[in-house]
Amino acid sequence: MQHQQDSWDDIMQNWHSKDDQLQQQLPTPDTLIAQINKRNRNNKIEVIMALVAGVLAGGYIVWEMYLGLPSIADKILYSIFLALIVLGVANSYVSLSRSIVASADRTKDHVTVLLNQSEYKVKELRIGQIIMTIMCLVILFIVGVIAYIGLFERPLEYKHYLVAGICSACSILFIGNYIWFKRQIKQFKRQIHFLSVQ
Amino acid sequence: MSNYQQAFESVVAKYKLSLFKIAATFEADPTLQMDLFQDMLLAIWQALGKFKQQSSLHTFIYKVAYNQAVSHVAKQSRKQDITQLHDHIACQRSDIESYTNTLQSLAHITSKISSLPIIQRQLVVMSLEGMSYTDMAEITGLSVSHVGVQLNRAKTKLKQLLEDK
């Protein structure tokens with residue numbers, strides 16, 4: 001028992017032995033506060049930029065959808081773009097606001113909150129995977145319809161090729177997203193495992 | 001300067017050393033360590049306005065800082081599994097040792113503390129910072145007797161780790 005106390009005293013002594021030097025090496029409160037203000041500003045700028053970009057892109061698509069009087073296929077495509085923009089903006093907004101929310105819970109509760117958040121995130125990502133699959137199928141259907149029209153009904157116009165090209169690019173994007181979501185699920189499961197063993 | 005900023009400045013002046021040491025036990029990479037240290041201060045800056053004096057400022061500051069550290073470790077655990085994480089920390093230790101001679105003895109202890117489970121790691125650091133069992137129980141959410149048990153286990157484990165070298 002005495003031996004353990006002695007060794008603990010040694011650790012304690014080492015822990016505080018360089019306090020004075022360390023205190024001098026760390027940035028001054030003024031510097032730290034300036035850095036924090038800068039990060040606060042950057043966070044706000046990022047949120048504002050994401051919102052402005054989202055509103056501009058969304059506004060343009062809505063304008064094209066309702067004033068440009070496009071075909072049904074174009075409307076479906078525009079709706080998908082609109083949904084993607086809304087999702088992107090909402091995701092960046094939520095992740096930024098979550099990252100700057102400070103928790104003053106007890107550690108045990110905080111770990112439980114993190115655990116619940118991770119489990120919720122896994123569910124969200126699984127739903128995202130389903131949405132990506134549906135979107136990919138819809139887009140491939142549009143490509144199929146265009147190909148069918150081109151092969152069996154009438155010659156295709158320039159805009160049909162454009163839509164088919166965009167759709168094909170989108171399907172690659174959705175497949176990429178699906179794989180990324182799968183990777184994210186794996187990472188969150190790892191986090192759940194890590195938090196569960198604590 | 002506003003009162004809020006003044007209050008924050010006094011918190012930074014008083015706690016920056018302890019907060020830096022907490023960051024050092026939760027993150028081995030020197031760059032990420034400074035990021036975590038800043039994240040802790042940022043979290044305290046944002047949380048200070050919500051402080052309602054239900055607990056002491058002391059425990060409030062540590063709760064926010066530890067929660068930020070736990071979130072950081074959890075986030076890091078997503079990138080690699082726990083064994084790889086420990087290997088990574090062990091490998092990054094040499095960077096810290098060359099980082100500054102001042103930290104050499106501290107780096108050795110933090111490397112050993114960082115291999116303990118989160119709650120034990122937290123209890124050891126709080127104990128080294130001279131906190132009472134009641135404060136530790138308030139911050140972690142464990143009962144006072146459980147704090148004693150866990151801290152004792154952590155000390156024994158830490159002693160073994162330091163003896164292994």
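Just above sits the structure.
Residues numbered from 1 in each chain as written. Chains lettered and ligands numbered in written order. Predicted model: local features only at pLDDT ≥ 70, side-chain atom pairs only at ≥ 80, totals over all residues. Heavy atoms only, no water.

Trainee: Before we move on, can you summarise the interface of chain A and chain B with the specific residues and values?
Mentor: On the side of chain B, 67 residues touch chain A, which itself brings 49 residues to the contact. Both faces considered, chain A and chain B share a buried interface measuring about 5300 Å² in area, 63% of it formed by carbon and sulfur atoms. Looking at the side of chain A facing chain B, the largest losses of area belong to A:Trp8, A:Trp15 and A:Phe194, adding up to 15% of the total buried there. There are two salt bridges connecting chain A and chain B. (Contact = heavy atoms within 4.5 Å. Buried area = accessible area lost by both parts, 1.4 Å probe. Salt bridge = Lys/Arg side-chain N within 4 Å of Asp/Glu carboxyl O.)

Trainee: An account of the packing of aromatic side chains is requested, with residue identities and associated values reported.
Mentor: Tallying each qualifying case throughout the model produces nine aromatic pairs over all chains. Judged by centre distance (5.7 Å) and plane angle (45°), the ring pair of A:Trp180 and A:Phe181 falls under tilted. Their ring planes at 80° and their centres at 5.0 Å tell us that B:Phe8 and B:Trp45 sit as a pair that is edge-to-face. Note that B:Phe8 is positioned in helix H1 (residues 3-26) and B:Trp45 in helix H2 (residues 30-47), a separation of 37 residues in sequence. In this structure, B:Phe8 and B:Trp45 share a single accessibility class: buried. (Phe/Tyr/Trp six-rings, centres within 6.5 Å; stacked < 30°, edge-to-face > 60°. Helix = DSSP H or I, 4+ residues; strand = E, 2+ residues; numbered from the N terminus. Buried < 20%, exposed > 50% of the residue type's maximum accessible area, 1.4 Å probe, protein only.)

Trainee: Describe the pattern of salt bridges, listing the residues and the values that go with them.
Mentor: All chains considered together, the criterion is met by five salt bridges over all chains. Across the salt bridge formed by A:Asp19 and B:Lys21, the nearest N and O atoms sit 2.6 Å from each other. In this pair, A:Asp19 sits in helix H2 (residues 19-25) while B:Lys21 sits in helix H1, so the two residues belong to two different chains. Owing to a relative accessible area of 15%, A:Asp19 belongs among the buried residues under this scheme. Its relative accessible area of 1% is what places B:Lys21 among the buried residues. When the shortest N-O distance is used, the salt bridge between B:Glu138 and B:Lys63 registers 2.9 Å. Within this pair, whereas B:Glu138 is found in helix H7 (residues 133-140), its partner B:Lys63 is found in helix H3 (residues 57-79), the two being separated by 75 residues in sequence. Here B:Glu138 falls in the partly exposed class, since its relative accessible area comes to 23%. Residue B:Lys63 is classed as buried on the basis of its relative accessible area, which comes to 7%.

Trainee: So what about the packing of helix H6 (residues 118-128) of chain B against H7(B)? Which residues, and what values?
Mentor: Residue and element names in this part refer to chain B. Contact geometry of H6 with H7 gives a least axis separation of 10 Å together with a crossing angle of 145°. By crossing handedness, the relation of H6 to H7 is classed as right-handed. Between H6 and H7, the contacting residues are Gln 122, Leu 123, Met 126 and Ser 127 on the first element and Met 136, Ile 139 and Thr 140 on the second. (Axes fitted to C-alpha atoms, helices over the stretch in contact; angles between N-to-C directions. Left-handed = near helix turned anticlockwise from the far one by under 90°.)

Trainee: Describe the nonpolar core, and please don't skip the residues or the numbers.
Mentor: In terms of nonpolar packing, the biggest core is built from 84 residues, with B:Phe8, B:Leu19, B:Phe26, B:Ile113 and B:Val124 touching the most fellow members. Inspection of this core shows a minimum of three residues originating in each of domain 1 (21-102) and domain 2 (104-198) of chain A. Once residues lying within four places of it in the same chain are set aside, the contact partners of B:Val124 are A:Trp8, B:Ile113, B:Leu116, B:Leu151, B:Ala154 and B:Leu158. (Core = buried A, V, L, I, M, F, W, Y, C linked by side-chain atoms within 4.5 Å. Domains from an automatic or database assignment.)

Trainee: Give a detailed account of the packing of H1(B) against H6(B), specifying residues and quantitative values.
Mentor: Residue and element names in this part refer to chain B. H6 packs onto H1 with a crossing angle of 150° between their chain directions and a minimal axis gap of 11 Å. By the angle between their directions, the pair H1 and H6 is classed as roughly antiparallel. In this structure, the crossing between H1 and H6 has a hand that is right-handed. From H1, Ile 22, Thr 25 and Phe 26 reach across to H6, where they touch Ile 118, Arg 121 and Val 125. Split by residue class, the contact of H1 with H6 holds four nonpolar, one polar and one charged. (Parallel < 35°, antiparallel > 145°, perpendicular 65-115°, else oblique. Nonpolar A, V, L, I, M, F, W, Y, C, P; charged D, E, K, R; others polar.)

Trainee: Lay out helix H3 (residues 29-67) of chain A in plain terms, naming residues and giving numbers.
Mentor: Helix length check: H3(A), at 39 residues, gives a terminal C-alpha distance of 56 Å against a target of 57 Å (1.5 Å per residue), a fit within 8%. A:Pro29, A:Leu32, A:Ile33, A:Ile36, A:Asn40, A:Asn43, A:Val47, A:Gly54, A:Gly58, A:Ile61, A:Glu64 and A:Met65 are the residues of H3(A) that are buried. (Expected span 1.5 Å × (residues − 1).)

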